[in-house]
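# Chains, contacts and geometry: an overview
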Amino acid sequence: MAGLTQSTIGRKFLMALSAMFLLIFLVIHLSINLISVFSEEAFNSASEFMGTNPLIQFVMQPVLFVGVIFHFVMGFVLEIKNKSARPVKYAVANNSGNSTWMSRNMIISGAFILVYLFIHLADFWIPTISKNYLGAVHAESDFQHLQEKFQPLWRVVLYVISFILLGLHLSHGFQSSFQSIGARHPKYLKCVNTLGTWYSILIPLGFIVVAVFHFVTQ
Ligand code: HEM
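Counting from 1, residues in each chain are numbered in the order their sequence is written. With pLDDT at 70 or above as the cut-off, local features in this predicted model cover only qualifying residues; side-chain atom pairs require 80 or more to be listed or tallied, and sums for whole chains, interfaces and linings still use all residues. The side-chain figures draw on all heavy atoms in the structure; neither hydrogens nor water molecules are used.

## What about the nonpolar core?
For our purposes a nonpolar core is just a set of buried Ala, Val, Leu, Ile, Met, Phe, Trp, Tyr and Cys residues, chained together by side-chain atoms within 4.5 Å. When a residue's accessible area, from a 1.4 Å probe over protein chains only, is under 20% of the maximum for its type it is buried; when over 50% it is exposed; and in between it is partly exposed. In this structure, Leu26, Phe150, Phe163 and Tyr199 are the most contacted members of the largest nonpolar core, which totals 31 residues. Put simply, the parts of the chain that give this core at least two residues each are helix 2 (8-38), helix 3 (40-52), helix 4 (54-85), helix 6 (106-133), helix 7 (142-149), helix 8 (153-180) and helix 9 (186-216). Here, two residues are considered to be in contact whenever any of their heavy atoms come within 4.5 Å of each other. Ignoring sequence-local partners within four residues, the contact set of Phe163 consists of Tyr116, Pro204, Phe207, Ile208 and Ala211. Each helix is a run of H or I in the DSSP string that is no shorter than four residues. Each strand is a run of E no shorter than two, and both are numbered from the N terminus.

Next up, the structure:
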């Protein structure tokens, strides 16, 4: 593990593994939140299950947080190492060839997502933790809490902008993570790219649907 974090290839590999783990988390997280669009009772039951199941609370959630922190810290480390390996900027920016603006600026979209995550955890995760472990009393159900959070237009707009940035981050991150673990064969490349394009559109779109749904159905 220490060896892996000391070489650029190793760091990229670990970065890709943490990215893939977060890609799976997003699918599960979206699926649970989409339930709220179809049934209030089912969403409350799913939330109750997620919030009280010991395996989720004491194993999955800590692993998720380690994965999230690792991904962000490693992203910044890779960026700093890349910059210091090339201290003099090119006179002409290389914006042709394989490199896109997004692929060269993953750190910017990543930093915005980090800010979003702080706001998001304060909106939803902290209230759950304070209810479950700190004895805070909430009269409202999880569904009502969701509806209440998406009442102000500014929060819906902030979330939607964050989801669009998430989509841009994913549009490069998805296929890049596969390349970093060595799945570079031309046979798979087209399939990974197509999958990545759909993933980076559908996942943010799903989150947008949830936020807008709760705003318009108050
Ligand atoms: C409309 C969109 C979203 C809604 C309604 C939503 C809702 C929630 C809720 C209700 C919780 C608290 C769960 C609990 O009770 O423990 C939560 C936690 C969390 N959310 Fe979201 N979320 C959304 C989008 C996102 C996105 C896009 C990300 C990642 C970029 C994300 C990352 C997290 C994380 C890391 C947690 C803490 C871990 C957990 O409790 O599962 N969420 N979210």
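## Description of the coordination of the iron atom of the ligand
Note on the iron atom of the ligand: its protein donors are His29 (NE2) and His120 (NE2). The metal-donor distances range over 1.9 to 2.0 Å. Each of the six donor atoms bound to the iron atom of the ligand contributes to angles spanning 87 to 179 degrees, and the resulting shape is octahedral. Taken together, the residues His29 in helix 2 and His120 in helix 6 connect sequence positions 91 residues apart. For Na, K and Ca the donor cutoff is 3.2 Å, while for all other metals N, O and S atoms count as donors only within 2.8 Å; water does not appear among the atoms, so some sites may look incomplete. Just to be clear on the cut-offs, tetrahedral is four donors with all angles between 85 and 135 degrees, square planar is four donors and octahedral six with opposite donors over 155 degrees apart and all others between 65 and 115, and anything else goes down as irregular.

## What to know about the environment of Phe163
Within the secondary structure, Phe163 is located in helix 8. Between the C-alpha atoms of Phe163 and Ile201, which are 38 residues apart in sequence, the distance is 9.8 Å.

## Topic: the packing of aromatic side chains
The relation between two aromatic rings is expressed through the spacing of the ring centres and the mutual angle of the planes. Two aromatic rings from Phe, Tyr or Trp, using only the six-membered ring of Trp, form a pair when their centres are within 6.5 Å; if the ring planes differ by under 30 degrees the pair is stacked, by over 60 it is edge-to-face, and anything between is tilted. Per the stated rule, a full pass over the model turns up 10 aromatic pairs. Ring geometry for Phe65 against Trp125: centres 4.8 Å apart, planes inclined by 45 degrees, an arrangement best described as tilted. Of this pair, Phe65 sits in helix 4 while Trp125 sits in helix 6, and the two are 60 residues apart along the sequence. Overall, Trp125 belongs to the partly exposed group, its relative accessible area being 27%.

## Describing helix 3
Given a rise of 1.5 Å per residue, 13 residues ought to cover 18 Å, and the 18 Å separating the end C-alpha atoms of helix 3 matches this to within 8%. Along helix 3, the residues that are buried comprise Phe43, Ala46, Ser47 and Gly51. Seen along its axis, helix 3 keeps its buried residues to an arc of 125 degrees; they face one direction. Against helix 2, helix 4, helix 6 and helix 7 lie the buried residues of helix 3. Of the residues that open helix 3, the one with a side-chain oxygen 3.5 Å from the backbone nitrogen of Glu41 is Ser39. To estimate the expected span of a helix, subtract one from its residue number and multiply by 1.5 Å. This arc is built from the directions going out from the helix axis to the C-beta atoms. Pairs of N or O atoms within 3.5 Å make up the polar contacts considered here, provided that, within protein, one atom can donate a hydrogen while the other can accept it, and that residues adjacent in sequence are counted only when both atoms are side-chain atoms.

## Brief notes about the pattern of salt bridges
For this analysis, a salt bridge means a side-chain nitrogen from Lys or Arg found within 4 Å of a carboxyl oxygen belonging to Asp or Glu. Per the stated rule, a full pass over the model turns up four salt bridges. Two residues, Glu79 and Lys83, come together in a salt bridge whose shortest N-O distance is 2.8 Å. Taken together, the residues Glu79 and Lys83, both in helix 4 and four residues apart, mark about one turn of the helix. In this structure, the salt-bridge partner of Asp142 is Lys131, at a minimum N-O distance of 3.6 Å. Here Asp142, found in helix 7, pairs with Lys131, found in helix 6; they are 11 residues apart in sequence, far enough to count as distant. Here the residues in one salt-bridge network are Asp123, Lys149 and Arg155, joined through shared partners.

## Thoughts on the site of the ligand
What makes a residue near a molecule or strand is one non-hydrogen atom of that residue sitting within 4 Å of it. Around the ligand there are 21 residues in total, and His29, Gln61, Tyr116, His120 and Thr128 lie nearest to it. Here His29 contributes a side-chain N or O atom positioned 2.8 Å from a nitrogen atom of the ligand. Taking Thr128, its side chain carries an N or O atom lying 2.8 Å from an oxygen atom of the ligand. Those elements that place two or more of their residues in the shell around the ligand are helix 2, helix 4, helix 6, helix 8 and helix 9. The greatest single-element share of the shell around the ligand, amounting to seven residues, is contributed by helix 6. Each residue gets one label: Ala, Val, Leu, Ile, Met, Phe, Trp, Tyr, Cys and Pro are nonpolar, Asp, Glu, Lys and Arg are charged, and the others, such as Gly, are polar. Split by residue class, the shell around the ligand holds 16 nonpolar, five polar and no charged.

## Remarks on the packing of helix 2 against helix 4
Running from N to C, helix 2 and helix 4 point in directions that differ by 140 degrees, and their axes come no closer than 9 Å. By the angle between their axes, helix 2 is oblique relative to helix 4. Remark: the crossing between helix 2 and helix 4 carries left-handed chirality. Judged by residue contacts, Thr8, Arg11, Lys12, Leu14, Met15, Ser18, Ala19, Phe21, Leu22 and Phe25 of helix 2 engage Val63, Leu64, Gly67, Val68, Phe70, His71, Met74, Gly75, Val77, Leu78 and Lys81 from helix 4. Angles shown run from 0 to 180 degrees and are taken between the N-to-C directions of axes, each axis being a line fitted to C-alpha atoms and, for helices, limited to the stretch in contact. The cut-offs work like this: below 35 degrees is roughly parallel, past 145 is roughly antiparallel, 65 to 115 is roughly perpendicular, and the gaps in between are oblique. Two helices cross in a left-handed way if the nearer one is turned anticlockwise from the farther one by less than a right angle. They cross in a right-handed way if the turn is clockwise.

## Brief notes about the environment of Val192
Residue placement: Val192 occurs in helix 9. A relative accessible area of 10% places Val192 in the buried class. Residues Val192 and Phe178, 14 residues apart in the sequence, show an inter-C-alpha distance of 7.5 Å. When residues no more than four places from it in sequence are discounted, the contact partners of Val192 are Phe174, Gln175 and Phe178.

The values are spatial; any link to function lies outside them.
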